[in-house]
Amino acid sequence: MAKKDTGTIENLVIVESPAKAKTIEKYLGKDFLVKSSYGHIRDLSKTDFGVDIENNYKPDYIVSKDKKDVVKELKSLAKKAKTVWLASDEDREGEAIAWHLFEELGLNEENTKRIVFHEITKEAILNAIKNPRNIDFNLVNAQQARRVLDRLVGFELSPVLWRKIKPALSAGRVQSVAVRLIVDREREIFAFEPKDSYRVTALFTVTDEKGDKREIKAELTRRFDTYKETYSFLAKCDGTEFVVSKVDKKPFSKSPAPPFTTSTLQQEAGRKLGFSVAQTMSIAQKLYESGNITYMRTDSVNLAETAVKSISELITEKLGKEYLQTRKYKTKSKGAQEAHEAIRPTYMEKETIQGSSQEQRLYELIWKRTIASQMSNAKLEKTIITVDAGNTGEKFSATGEVIKFDGFLKLYTESSDDDGAQEEDKTLLPAVKKGEVLSLEYCEARQRWTMKPPRYSEASLVRRLEELGIGRPSTYAPTISTIQQRGYVVKEDRPGVERKYKHLLFKNGELAESEKTEITGAERNKLFPTDIGMVVNDFLVKYFPDIVSYDFTAKVEKEFDDIAEGKLKWDDAIDEFYKPFHNKVEETIEKSSKSTGERILGKDPETGKTVLVRIGRFGPMAQLGEASEDGEEKPKFASLQRGQHIETITLEEALELFRLPRNLGEFEGKQVTIGIGRFGPYIRHDNKFVSLKKGEDDPYTIDLETAIERIREKREDDIKKILKTFDDEPELKILKGRWGPYISYKGKNYRMPKTVNVEDLDVKQCMELIEKGTKSTKGKKTTKKSSSKATKKK
């Protein structure tokens, strides 16, 4: 620990997180005081974009409210420090944090040093102290350019969406492109028409030298288009001789995947561990800050020579020299600049670590991938047996795979995103010779369909963004989180549907026909665009094509890289983008029409009124009829249900929505009605509302008996919630809430201080708390960003 705050401090080290501070403090001596800035200490102000457009886009930074005390403490300590070391992360965000600290704390160059390290080990920290540098303003400007550009796009585009689609929408630069990818894929799926065919497989047997029967599973080398063709072929199998016409053996090898980058770690953790992108980054951050792995935001696959040496010694000692094959991987990404090394354990000999179960699992994944990257290729042999089906002219093919030397497969195998990928049979096929006759046990045919394009998972979306050059290691996780938070995309599981298929089986000389069922189309943790996401996407594609252009967004990312390398002035890059963009905003506000994704489905057969679907104030909805000029007649509205889309809902499905509200009958002399509101399906009885049970109750089929059961269940729950009542004030109650006790009075709820004892409260005290709560809400102004800001600056 350094000297007390009252005296001089020899060395003040500032990092961005308390966990990182705690780890670093262990490696530095008593002359170093390590403090945390808790991330960024300041950001762009919310006034006039926080950017002075007339003055070369000069940012207007202010200290965040929650960081004022932090800044105050750091300023005080910095004044007492002989040397201040800025030790934030080595990427653009980290460099910007260091610069903001330098500016806001009023530091001077004489006694301020910038240090960076890509792993938190004693050697790395001490080496950084020996080799300080100045703040890299190219990196700062690259981060500043991204922040300013994203602020300008968000603050100018969002008000356009408020006016033209619905209030409270927002738009971001990279996020809009990510949404477009998901929307485009969904439309491919909407337009997809599956084509059926018939897959024929057979099970043959052959007797080996020992007299044992060995099985060979094979598939016909082509699929039949029609049931008639398929039936005809299987019928011919009766009496047909099946002869081995060819046996091919092909040796081949497999190479290990390179060490993890941010992108590949996010993808593999999603596939193997089921982690979301944000979850992976959060856990990786903890592993880095506790000194277990190298820096987790990187697009480099390079490993330090010392790490390769350590890995080599470990492989030789644990597995033997034959498993060692060192490699030097080269980064394919043109803009690789986030760090100098791949993600790897800081100490390769540490196979396991202390920490949470999630931290241990992610660490194990990183450790195995890193070790495997320096292991020998796996040597395999593929055998392909071709079987002629008599004089039918058709052939069967059986494929087998055997591992001759496991190499890196002993430790690690990379997973795949492909939903429809079928694993080849990797079992060893029995030894057969050309001309050998096989016995047919059975031959079967199943009706199959071509597969729709797969929806994106978080992992496959990251991969696609990286392929397109959109975003960088630090942006993937926040981009994917943001599009979900804004309600443009949902990540969820969806059950499959039952499908019937035709089946033929030839066995023991008999051909049997049947119809079977299967579940198809189930989705797990996939990204689906919402109707509002699709409408916003279409609006942006129509009026702001550059914002959602893959090539244009990749070009902007490349310009950020050029700024980081000192090849481009950041304000020039912003100016080139902003001026035509701003003009487009003004033109769109003036000339574009309101966009709600409206689609007319047809006429209601009973009333003759028009039925349409569109985006309404509370989301996607169906509308029956129009408001009359005199206001006497009003249209009916019904919210679309989960799984229904404005683009695909039919007239019949929309009309079904207007069956609600439904009157089920009476209970206790009062009507029981079923309806759907803003928050979902409900039961209404005695002017009280009861929610239907998710997954159990269907608002269109629920009966009176079940509805009464739900009403009684709600009453029991309400009784359990009541902590105290007052005889002389019946409308006054103290109830049990999710966040603790609260006062309910005349249909309104009021908070209670945590220090108040419920049992001690009387009517007078409750009224005082209610009065206090009412006063605290008076005079508070709600602020909204004025949509006129979109046109204020030129």
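Because the structure is predicted, anything quoted here is derived from the model rather than measured.

### Details of the packing of aromatic side chains
Here comes step 1: For the structure shown, the criterion picks out 18 aromatic pairs.
Here comes step 2: Look at Y288 and Y295: their rings are 5.2 Å apart centre to centre, the planes differ by 70 degrees, and that puts the pair in the edge-to-face class.
Here comes step 3: A network of ring pairs unites the aromatic residues F204, F224, F233, F242 and F396 as a single cluster.
Here comes step 4: The positively charged end of R448 is found above the aromatic ring belonging to Y501, 4.9 Å away from the centroid.
Here comes step 5: Cation over ring: K502 sits above Y227, and NZ or CZ is 5.2 Å from the ring centre.

### Here we look at the side chain of Q374
Here comes step 1: Mapped onto the elements of the fold, Q374 is located in the loop between α11 (357–372) and β12 (378–389).
Here comes step 2: When its relative accessible area of 0% is taken as the criterion, Q374 is described as buried.

### So, helix α10 (residues 305–318)
Here comes step 1: In this model, α10 (14 residues) spans 20 Å end to end at C-alpha, consistent with the 20 Å of a helix rising 1.5 Å per residue.
Here comes step 2: Those residues of α10 lying buried are A307, V308, I311, S312, L314 and I315. Relative to the axis of α10, the buried residues are bounded by an arc of 165 degrees and lie together on one face. Exposed and oriented more than 90 degrees from the buried face of α10 are E305, T306, K309 and E317.
Here comes step 3: On its buried face, α10 sits against α11.
Here comes step 4: Phi turns positive, to about 110 degrees, at G320, one or two residues after α10.

### What about the pairing of strand β21 (residues 619–624)?
Here comes step 1: Judged by how many residues are buried, β21 sits mostly within the fold: five of six residues are covered.
Here comes step 2: By the bridge criterion, six bridges tie strand β20 (residues 610–616) to β21 in an arrangement that is antiparallel. Bridging across to β21, I615 finds its partner in P620.
Here comes step 3: Between β20 and the antiparallel strand that follows it, β21, lie two residues.
Here comes step 4: Summarising the sheet, β21 and strand β22 (residues 636–639) pair through four bridges and their orientation is antiparallel. Bridge pairing in β22 places L624 opposite K636.

### Focus: the confidence of the model for the protein chain
Here comes step 1: Of the residues in the protein chain, 94% reach a pLDDT of 70 or more, and the chain-wide mean stands at 90.
Here comes step 2: Summarising per-element confidence for the protein chain, the mean pLDDT is lowest in helix α20 (residues 789–792) (39) and highest in α11 (97).
Here comes step 3: Ignoring residues within four places in sequence, the model shows residues 1–5, a span with pLDDT below 50, making 16 contacts including any to other chains.
Here comes step 4: Note that residues 419–423 has pLDDT below 50 and, in this model, three contacts with residues that lie over four places away or in other chains.

### Some thoughts on the nonpolar core
Here comes step 1: In this structure, F117, L362 and F544 are the most contacted members of the largest nonpolar core, which totals 165 residues.
Here comes step 2: Tallying contributions element by element places helix α5 (residues 137–164) first for this core, with twelve residues.
Here comes step 3: Apart from the residues within four sequence positions on either side, F544 is in contact with L157, V160, F539, F581, K584, V585 and T588.
Here comes step 4: By size, the runner-up hydrophobic cluster in this structure holds 26 residues, among which are A218, A389, F396 and C443.

### What to know about the sheet that holds strand β2 (residues 32–36)
Here comes step 1: Strand order in this open sheet of four strands is β2-β1-β7-β8, and the pairing throughout is parallel. The open sheet has two edge strands, β2 and β8 (112–114), and neither has a second partner. Taken pair by pair, the neighbouring strands of this sheet meet at an average axis angle of 25 degrees, ignoring direction.
Here comes step 2: Strand direction decides the pairing type here: strand β7 (residues 81–86) and β8, joined by three bridges, are parallel. In the strand pairing of β8, L86 is matched with R114.
Here comes step 3: Seen against the sheet, helix α1 (residues 18–27) touches β1 (9–15) and β2 and runs at an angle of roughly 165 degrees to β2.

Cut-off values and rules
- Numbering of residues starts from 1 in every chain and runs along the sequence as written.
- In keeping with the predicted nature of the model, local features appear solely for residues at pLDDT of at least 70, side-chain atom pairs appear and are counted solely at 80 or more, and the whole-chain, interface and lining totals rest on all residues.
- Hydrogens and water molecules were not included; the side-chain quantities draw on all heavy atoms of the structure.
- The criterion for an aromatic pair is that two Phe, Tyr or Trp rings (for Trp, the six-membered ring) have centres within 6.5 Å, with stacked assigned to planes under 30 degrees apart, edge-to-face to planes over 60 apart and tilted to the rest.
- For a ring to carry a charge above it, either NZ of a lysine or CZ of an arginine must fall within 6 Å of the ring centroid while also lying within 35 degrees of the normal to the ring plane.
- Elements are defined by DSSP. Helices are runs of H or I of four residues or more, strands are runs of E of two residues or more, and each kind is numbered from the N terminus.
- A 1.4 Å probe rolled over the protein chains alone gives each residue an accessible area, and that area as a share of the maximum for its type sets the label: buried under 20%, exposed over 50%, partly exposed in between.
- What a helix should span is 1.5 Å times the count of its residues minus one.
- What the arc measures is the spread of directions leading from the helix axis to the C-beta atoms.
- Throughout, a contact is declared for two residues whenever any of their heavy atoms are within 4.5 Å.
- Strand pairing is assigned whenever DSSP identifies at least 2 bridges connecting the two strands.
- Values of pLDDT, the confidence the predictor places in each residue, fall between 0 and 100.
- Here, nonpolar core refers to any group of buried Ala, Val, Leu, Ile, Met, Phe, Trp, Tyr and Cys residues whose side-chain atoms link them within 4.5 Å.
- In this analysis an axis means a line fitted to C-alpha atoms, helices contributing only their contacting stretch, and an angle means the value between N-to-C directions, from 0 to 180 degrees.

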